[in-house]
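Breakdown of the fold
For reference, the chains in residue letters:
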Amino acid sequence: MVLISPSILSADFSSIKDEIQKVEEAGADWIHLDVMDGVFVPNLTFGAPVIKKLRPFSKLFFDTHLMIFYPEKHIEDFAKAGSDSIIIHLEAYRTQEFDFSNKSFWQTGDHKNSNQETWESSGKSPLDYDSKKVLEVLKSIKKLGCKAGISINPACPVSALSDEIIKELNLILLMSVNPGFGGQEFKPVVIEKIKEFKSRAEALGRSIGVDIDNDIVIEIDGGIKPGDTAEQVKSAGATALVAGSAVYHSDNVKKTIDLLKN
Ligand code: DX5
Ligand code: ZN
């Protein structure tokens, strides 16, 4: 079984509550909310006030993906707004000094080929991130009554996650595109990472599944469509799929959600 979490990033924002209800009626399990700060990723979306306004219009699990720096400053707002999960990025806690004045260090405008990607792919370990701080933030997310998730970019290896972090998770969001935009092409590098994460989590005594109260949900984000990409990630062990453009740009939303599920 797999959960389907349509991303509203590709929805029509002029009627966003109808767009949410449309996928809810079509059988979506979760709603994926992409929060971007224009610094961690080269794009801006929305924050907690928008989620708060949308909350009364849907019963679905609000799956909140924070692509922002210093997420710890905002988690209480998201919890109060009605987020069910709060997902932070490991890359927001890299120990290498953040130099915001050096724009090209983070994003050169070409987010697919940034220095960040080069850095991430150079064999990272938990020591390259403030893993203690990440663990602390995951614990505070849970104290606020939300499910805690971590996300890693395509170039970031599973080995960058410490055992302590994995033990604490309700959800892992493995990116299959560089975060920032909908409609990008799926990166197959995620397939091996799903298998690797699953075996590491199981070796640590954690189960993988769709029951977020007990299991770790392995969710894949970016470029997922019915057919090859969905099949490949599911057979590797994914238990939740984010789909933005595939769902919202489809002529038949129900059929697309059904195809992603089965
Ligand atoms: C990318 C976002 C994704 C994105 C997925 O930064 O995190 O959730 O909206 O969109 P598609 O499915 O179109 O790749
Ligand atoms: Zn996302």
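As a starting point, this report considers the structure included with it. Just so we're clear, the structure is a prediction, and the values are computed from it rather than from any experiment. (Residues numbered from 1 in each chain as written. Chains lettered and ligands numbered in written order. Predicted model: local features only at pLDDT ≥ 70, side-chain atom pairs only at ≥ 80, totals over all residues. Heavy atoms only, no water.)

1. Regarding the site of ligand 1
Surrounding ligand 1, one finds 20 residues, the nearest of these being Asp34, Gly180, Asp221, Gly244 and Ser245. Residue Ser7 places a side-chain N or O atom 3.1 Å away from an oxygen atom belonging to ligand 1. The side chain of Asp34 places a nitrogen or oxygen atom 2.7 Å from an oxygen atom of ligand 1. In isolation ligand 1 has 380 Å² of accessible area, and contact with the protein removes 100% of it. If you tally residues by element for the shell around ligand 1, the top one is strand β2 (residues 30-36), at three residues. Residues of the shell around ligand 1, tallied by class, amount to eight nonpolar, 10 polar and two charged. (Near = heavy atom within 4 Å. Polar contact = N/O pair within 3.5 Å; in protein donor to acceptor, adjacent residues only side chain to side chain. Areas by Shrake-Rupley, 256 points an atom, 1.4 Å probe, with all protein chains shown as cover. Helix = DSSP H or I, 4+ residues; strand = E, 2+ residues; numbered from the N terminus. Nonpolar A, V, L, I, M, F, W, Y, C, P; charged D, E, K, R; others polar.)

2. Concerning the pairing of strand β5 (residues 147-152)
Counting buried residues in β5 gives five out of six residues, a clear majority hidden from the surface. As paired strands, strand β4 (residues 85-89) and β5 are joined by five bridges and run parallel to one another. Following the sheet pairing, Ile86 is matched in β5 by Ala148. As paired strands, β5 and strand β6 (residues 171-175) are joined by four bridges and run parallel to one another. Each residue of the ladder has a partner; that of Ile152, found in β6, is Leu174. (Buried < 20%, exposed > 50% of the residue type's maximum accessible area, 1.4 Å probe, protein only. Pairing = 2+ DSSP bridges.)

3. Some thoughts on the pattern of salt bridges
Counted according to the given criterion, the structure contains 13 salt bridges. Between Lys22 and Glu19 there is a salt bridge, with its nearest N and O atoms 3.0 Å apart. Of the two residues, Lys22 and Glu19 both sit in helix α1 (residues 16-25), three residues apart, roughly one turn of that helix. In this structure Lys22 comes out as partly exposed when scored by relative accessible area, which is 34%. Look at Glu19 and you get buried, because its relative accessible area is 10%. Across the pair Lys147 and Asp213 runs a salt bridge whose closest N-O atoms are separated by 2.8 Å. (Salt bridge = Lys/Arg side-chain N within 4 Å of Asp/Glu carboxyl O.)

4. Comments concerning the coordination of the zinc ion (ligand 2)
All of the protein donors around the zinc ion (ligand 2) are His32 (NE2), Asp34 (OD), His65 (ND1) and Asp221 (OD); their distances to the metal are 2.1 to 2.3 Å. With six donor atoms in place around the zinc ion (ligand 2) and angles of 68 to 167° between them, the coordination shape is octahedral. Read in sequence order, the donor residues for the zinc ion (ligand 2) give the motif H-x1-D-x30-H-x155-D. With a gap of 187 residues between them, Asp34 in strand β2 and Asp221 in strand β7 (residues 217-221) connect regions that are remote in the sequence. Residue Asp221 is classed as buried on the basis of its relative accessible area of 8%. (Donors = N, O, S within 2.8 Å, 3.2 Å for Na, K, Ca; no water. Tetrahedral: all angles 85-135°; square planar, octahedral: opposite > 155°, others 65-115°.)

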